[in-house]
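Geometric and topological summary
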Amino acid sequence: MESGRTSLSAFLAQESSTIQAEYRSNLPQLILQLSTAIKKIAHLTSQGALAGALGSLDSQNVQGETQKKLDVFSDDILIETFKKGGLVAGIASEEVDEPISIPYTGEQKPFLTLFDPLDGSSNIDVNVSVGSIFSILPAPRGREPALADYLQHGRKQICAGYAIYGPATMLILSLGKGTHGFTLDSASQEFFLTHPNIQIPAETSEFAINASNERFWEPPVSRYIAECKKGKTDVRGRDFNMRWIASMVADVHRILMRGGVFMYPRDTKDPSKPGRLRLMYEANPMTFVVEQAGGLGSTGRARILDLAPESIHQRVAVILGSRNEVERLEQYHRDDDVKTKLNSPIP
Ligand code: F6P
Ligand code: MN
């Protein structure tokens, strides 16, 4: 404690009894290592053009997207931190083709870390909030991890969260028992607990979606958004508001703070992609945090944390946020799937 405030390390010590016994001694240490990396990325992003880190590189990541300098710098900071920290048996990053597994030398390293080092990178050059998303999974015992070891479903996460580099830098964290928010004190460079036990209201009146994709949406999404837009005059009986920042971290953060629903649904824009966002680096960790705050995460047809991952860079549809709104969207998907079945010719 410092002047009545709970620092991140004090919080981790207090929460120790809620951490599974086998991770109790080293999970807090891993989170502190991560928080050090986050402070470095926060410093770089706060320097904007002065850090010489804005703009694009010539390279593309494995997803075929142009890499920003800050994407790569953030990735390097996180990879170096985890390699040096000695607690991680393997690292998977959205920016790197294959996971980086650390050779097994007889010393058990308990964790795998997976991350999106700089989410919302289209916002970097325009000075709008970006973030880092992370997921911590158990490592296999007594050997170097293979690719299959990373492909664990979201309920296996030991810890997940994100940092948001906004007007204030915040770290949002769940160790599987509630979701808690910490704010970086720029003077002491310490994170302090400012948002204990965050709760997302079950029913809210705000949605977040990229409406420029409207003509590609599936019928259940079109139905939901049309009803929200009709507001008071239609079945919803109340008016809705819309927000879209285009940084998942910032859009989901707003929902954690005041409720709402975030959607990047499956659409027909590129039929080869079942969604835009990545299961392992974005959907799973953000759903973990949202569900620990009383919300829900779904593809519309399945709960995100129950999905069996098929590949490390897999994309999925994401519907995330206030419980009642996500359940309504799931119902609309079921209604539509039944209708489609009824209308399809008998084989
Ligand atoms: O990481 C992908 C991402 O940048 C998310 O942070 C964000 O929600 C989404 O893409 C924005 O997509 P679009 O540019 O289609 O609005
Ligand atoms: Mn991202």
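Computed from a predicted model, the values in this text were never measured in an experiment. Going along each chain's sequence as written, the residues are numbered from 1 onward. To label them, take the chains in the order written and letter them from A, then take the ligands in the order written and number them from 1. This being a predicted model, a pLDDT of at least 70 is required before a residue's local features are given, and a value of 80 or more before pairs of side-chain atoms are given or counted; all residues contribute to the totals for chains, interfaces and linings. Hydrogen atoms and water are omitted, and side-chain values are computed over all heavy atoms in the structure.

1. Some details on helix α8 (residues 323-343)
Definition in use: The numbering of helices and of strands both runs from the N terminus, where a helix is a DSSP run of H or I of at least 4 residues and a strand a run of E of at least 2. Expected helix span is computed as 1.5 Å times (number of residues minus one). Note on definitions: a residue-residue contact is assigned when non-hydrogen atoms from the two residues lie within 4.5 Å.
Between its first and last C-alpha, α8 extends 30 Å over 21 residues, near the 30 Å set by a 1.5 Å rise per residue. Residues of α8 that are buried sit in contact with α5 (219-230), β13 (261-264), β15 (296-298) and β17 (318-321).

2. Focus: the coordination of the manganese ion (ligand 2)
We apply this condition: Metal-coordinating donors are taken as N, O and S atoms lying within 2.8 Å of the metal, or within 3.2 Å when the metal is Na, K or Ca; because water is left out, some sites can appear incomplete. Burial classes: relative accessible area under 20% of the type maximum marks a residue as buried, over 50% as exposed, and values in between as partly exposed (1.4 Å probe, protein chains only).
Taken together, the protein ligands of the manganese ion (ligand 2) are D116 (OD), D119 (OD) and E282 (OE), with distances of 2.0 to 2.2 Å. For the manganese ion (ligand 2), the donor residues sit on a single chain with the sequence spacing D-x2-D-x162-E. Highlighted residues: D119 in strand β5 (residues 111-119) and E282 in helix α7 (residues 279-291), separated in sequence by 163 residues. Here D119 and E282 have matching classes, each one buried.

3. A closer look at the domain arrangement of the chain
To keep it simple, the criterion reads: Residue ranges for the domains trace back to a domain assignment, done automatically or taken from a database. The term buried area means the drop in 1.4 Å probe accessible area that two parts suffer when joined, counted for both and summed.
Domain parsing of the chain yields domain 1 (8-195) and domain 2 (206-339). In this structure, domain 1 and domain 2 have C-alpha centres spaced 24 Å apart. Regarding the contact of domain 1 and domain 2, the summed buried area is about 3000 Å², with carbon and sulfur atoms giving 60% of it. Three residues, L151, R155 and Y162, lead the burial of domain 1 against domain 2; their summed loss comes to 21% of the area buried on that side.

4. Considering the pairing of β17
Condition: By the convention used here, strands pair only if DSSP detects at least 2 bridges between them.
Side chains of β17 alternate between two faces, with V318 and L320 and I319 and G321 buried alike. Pairing of β13 with β17, which is carried by four bridges, proceeds in the antiparallel orientation. Note on β17: the bridge partner recorded for Y264 is V318. Bridging between β15 and β17 involves three bridges; their strand directions are antiparallel. Bridge assignment links S298 to a residue of β17, and that residue is I319.

5. A short note on the sheet that holds strand β7 (residues 159-165)
What counts, and what does not: Axes, fitted as lines to C-alpha atoms, cover a helix only where it is in contact. Angles between the N-to-C directions of the axes lie from 0 to 180 degrees.
One open sheet accounts for eight strands, arranged β4-β3-β5-β6-β7-β8-β9-β10; its pairing is mixed. A strand with exactly one partner marks an edge of an open sheet, and here the two such strands are β4 (100-101) and β10 (190-195). Sheet topology places strand β8 (residues 169-174) next to strand β9 (residues 180-185); four bridges connect them, and they run antiparallel. Paired with L171 across the two strands is F182, which belongs to β9. Its contacts with the sheet place helix α2 (residues 27-46) against β3 (88-93), β5, β6 (130-138), β7, β8, β9 and β10, and it is angled at close to 20° to β7. Sitting on the sheet, helix α6 (residues 248-258) is in contact with β5, β6, β7, β8 and β10, with an inclination near 105° to β7.

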